[in-house]
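Analysis of the macromolecular model
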Amino acid sequence: MLKSCLTLVCILNFIPSLVFAENGTSILSQDISLLIQLIIAIAGVSGVAGLFWGIYEYRENQKSKRKDILFEVVHEFDRSEEMHFAKKILDGFVYNFPESFDQLGPNYFSKDNLKQILRSHEDHDITVPKEIELRDSFSALFDFFDKLGYLYSNKIIKKHELGYFDYYIDRSRKSLGVLEFVKNYDYRWHDELPKKAEDENS
């Protein structure tokens, strides 16, 4: 765009030598007048085209960056060993561990017992290793949800792009034990993430 403007200035500086005779009388013809108008029009169009091209490139770069970030968080979510235990419980799996069977009884590690498993440590001591492991797994999952909430709130990823995570977000929202845990330990994803990503394509 700058190059076009400089070219226009050079041409306009040269035009007076074409349109005035030595005695100062004007010899400006209709053809030269049209030429000047054409040059100005071309320079204007070139500038506007450059502006729109810049906007287009910016938007494409933003899309590319958003895709890179989305791929990273999807990869983290799928590959994380820390979140695995919590996701399985939310899926409805029931676990029995011999080392904690006597203390906690059969089928303790299940979605039905999340209110007890995710209780506040200030109310009841938590000493069973497997129970601590599951609580740590939920902490990792909710730290991840907080990250999604941050990315969404700052418009780094869009609502429909969160659809990949909807299943576990929705199951977490429906658990009273999870909701109490979120409140007790000040997780923010519950308020920052949209209810359902597929409800809106934005």
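Sequence positions are assigned chain by chain, starting from 1 and proceeding in written order. Local features are withheld for residues below a pLDDT of 70 in this predicted model, meaning they are given only at 70 or higher, and side-chain atom pairs are given and counted only at 80 or more; totals for whole chains, interfaces and linings count all residues. The side-chain numbers reported here are obtained from all heavy atoms of the structure, hydrogens and water having been left aside.

**A few points about the overall build of the protein chain**
Applicable threshold: Only runs of H or I of at least four residues qualify as helices and only runs of E of at least two qualify as strands under DSSP, and these elements are numbered from the N terminus. Between buried and exposed lies partly exposed: a residue is buried under 20% and exposed over 50% of the maximum accessible area for its type, with that area taken using a 1.4 Å probe on protein chains only. We call two residues in contact whenever any of their non-hydrogen atoms come within 4.5 Å of each other.
Scanning the protein chain for helices and strands turns up 9 helices and 0 strands. Along the chain direction, N to C, the helices and strands of the protein chain fall in the order α-α-α-α-α-α-α-α-α. For the protein chain, buried positions account for 33% of its 202 residues. Partitioning the contacts of the protein chain with sequence separation of at least 6, the portion at a separation of at least 24 is 61%.

**Remarks on the environment of S100**
Tracing the backbone through its elements, the reader meets S100 in helix α4 (residues 98-104). Separated by 28 residues in sequence, S100 and V128 have C-alpha atoms that sit 6.9 Å apart. If near-sequence neighbours (up to four positions away) are discounted, S100 is found in contact with G105, F109, V128 and K130.

**Some remarks on the nonpolar core**
The tendency in soluble globular proteins is for nonpolar side chains to be buried as a group. Put simply, the rule is: In plain words, nonpolar cores are sets of buried Ala, Val, Leu, Ile, Met, Phe, Trp, Tyr and Cys residues tied together by side-chain atoms within 4.5 Å.
Counting residues in hydrophobic clusters, the biggest one holds 35 residues, and the most contacted among them are F138, F142, F145, L148, F165 and W189. Listed by contribution, the elements that provide at least two residues to this core are α2 (30-79), α3 (84-91), α5 (114-117), α6 (129-153), α7 (166-173) and α8 (176-184). Setting aside residues no more than four positions away along its own chain, F142 makes contact with S172, V178, F181, V182, Y187 and W189.

**Observations regarding the side chain of R119**
Put simply, the rule is: Under the rule applied, a polar contact is a pair of N or O atoms within 3.5 Å (in protein, one hydrogen donor and one hydrogen acceptor; residues adjacent in sequence only if both atoms are side-chain atoms).
Note on placement: R119 falls in the loop between α5 and α6. Note on R119: relative accessible area 10%, which makes it buried. A distance of 2.7 Å separates a polar atom in the side chain of R119 from a polar atom in the side chain of E131. Those residues in contact with R119, other than ones at most four positions away along the chain, are Y108, H124, D125, I126, E131, R135 and Y185.

**What to know about unusual backbone geometry**
If a residue is not glycine, its phi is most likely negative; likewise, a peptide bond is most likely trans. Phi is positive for N107, close to 55 degrees, though the residue is something other than glycine. With respect to the secondary-structure elements, N107 resides in the loop between α4 and α5. One non-glycine residue, D186, adopts positive backbone phi at about 60 degrees. Considering the arrangement of structural elements, one finds D186 in the loop between α8 and α9 (189-192). Judged by relative accessible area, which is 54%, D186 ranks as exposed.

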